[in-house]
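Results of the structural survey
Here's the letter readout for the chains.
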Amino acid sequence: MAHLLLQPKKLLRLWWFPPTLHILLFAMTWLLSLVQASPLLDGPARWGFAALFIADFPISLVAFSKMWDGKLVYALSLWGIVGTAWWSFLGLWLNARSAKDPEN
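Source: prediction; values computed, not measured.

This part is about the packing of aromatic side chains. Under the defined criterion, the tally for this structure stands at 10 aromatic pairs. In this structure an aromatic cluster arises from ring pairing among Phe26, Trp30, Phe49, Phe53, Phe57, Phe64 and Trp79.

So this is what it looks like as structure tokens:
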């Protein structure tokens, strides 16, 4: 695995990396939000939340609006599943694009 980090083009072939990173960041953010005493945007979960909100922007905006409607479980499910599916698609797209690259 360490030799893959030295070769950036081979790292792009790891289509599973973006969705795995999304799942880990998503889980870390919401686990931190459950254990912290302060509100979501005031505690340690704010950094993960900000990164997720920007990275998943159209999805996160809809999910965040549902959170304000009191549909927390629906919002987190939407954000987690659709966001991870989006990053899976991007990982596969990057993989296909790097396979077509003649400099590969």
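Our focus in this paragraph is the packing of helix α4 (residues 45–55) against helix α5 (residues 57–68). It is at 5 Å that the axes of α4 and α5 come closest, and there the two elements cross at 115°. Seen from α4, the contacting residues are Phe49, Leu52, Phe53, Ile54 and Ala55; seen from α5, they are Phe57, Ser60, Leu61 and Phe64. Here the contact of α4 with α5 is composed, by residue class, of eight nonpolar, one polar and no charged.

One finds Phe26, Trp30, Phe49, Leu52, Ile59, Ala63, Met67, Ala75 and Trp79 forming the largest nonpolar core, which totals nine residues. At the level of elements, α3 (17–35), α4, α5 and α6 (72–100) are the ones that each hand at least two residues to this core. A total of three residues in this core trace back to one element, the largest contributor, which is α5. With residues near it in sequence (within four places) discarded, Ile59 still touches Leu78, Trp79, Val82, Gly83 and Trp86.

We now examine the environment of Val35. Note that Val35 resides in helix α3. Accessibility expressed as a relative area gives 69% for Val35, which makes it exposed. Put simply, Val35 and Ala45 are 10 residues apart on the chain and 9.6 Å apart in space, counted from C-alpha to C-alpha.

All right, on to the confidence of the model for the protein then. Averaged over every residue, the pLDDT of the protein is 76; the share at 70 or more is 80%. Ranking the elements of the protein by mean pLDDT puts helix α1 (residues 2–5) last, at 52, and α3 first, at 83.

Now for α5. Between its terminal C-alpha atoms α5 stretches 16 Å, which fits the 16 Å expected from 12 residues at 1.5 Å a residue. All of the buried residues in α5 are Ile59, Ser60, Ala63 and Met67. Projected down its long axis, α5 carries its buried residues within an arc of 90°, all on one side. The exposed set on the far side of α5, more than 90 degrees from its buried face, consists of Pro58 and Trp68. Looking one or two residues past α5, Gly70 carries a phi angle of roughly 90°, positive in sign.

Residues Trp15, Trp16, Phe17, Leu21 and Leu92 make up a contiguous nonpolar surface patch of roughly 500 Å² in combined accessible area. Within the secondary structure, Leu92 sits in helix α6. Its relative accessible area of 46% is what places Leu92 among the partly exposed residues.

Each value, and the rule that gives it
- Starting from 1, residues in each chain are numbered consecutively following that chain's sequence as written.
- Selection of residues for local features in this predicted model requires a pLDDT of at least 70, selection of side-chain atom pairs for listing and counting requires 80 or more, and totals for whole chains, interfaces and linings are taken over all residues.
- Excluding hydrogens and water, the side-chain values take into account all heavy atoms of the structure.
- Between rings of Phe, Tyr and Trp, where Trp is taken as its six-membered ring, a pair exists when centres lie within 6.5 Å; planes separated by under 30 degrees are stacked, by over 60 edge-to-face, and by other angles tilted.
- In this analysis an axis means a line fitted to C-alpha atoms, helices contributing only their contacting stretch, and an angle means the value between N-to-C directions, from 0 to 180 degrees.
- Segments assigned H or I by DSSP are reported as helices when at least four residues long, segments assigned E as strands when at least two residues long, and all are numbered from the N terminus.
- Pairs of residues are marked as contacts when any of their non-hydrogen atoms sit within 4.5 Å.
- Basically, the charged four are Asp, Glu, Lys and Arg, the nonpolar ten are Ala, Val, Leu, Ile, Met, Phe, Trp, Tyr, Cys and Pro, and anything else, Gly included, counts as polar.
- Buried Ala, Val, Leu, Ile, Met, Phe, Trp, Tyr and Cys residues form a nonpolar core when they are joined through side-chain atoms within 4.5 Å.
- Accessible area is worked out with a 1.4 Å probe on protein chains only. A residue is then buried under 20% of its type maximum, exposed over 50%, and partly exposed in between.
- Known as pLDDT, the predictor's per-residue confidence is scaled from 0 to 100.
- A helix is expected to span 1.5 Å multiplied by its residue count minus one.
- Directions drawn from the helix axis to the C-beta atoms are what define this arc.
- Patch membership requires over 30% relative accessible area and the absence of a salt bridge. Like charges are linked within 9 Å, and nonpolar side chains (Val, Leu, Ile, Met, Phe, Trp, Tyr) within 5 Å.
- The Shrake-Rupley method, run with a 1.4 Å probe, gives the accessible areas here. Residue values count only the displayed protein chains as cover.
- One speaks of a salt bridge when a side-chain nitrogen belonging to Lys or Arg is within 4 Å of a carboxyl oxygen belonging to Asp or Glu.

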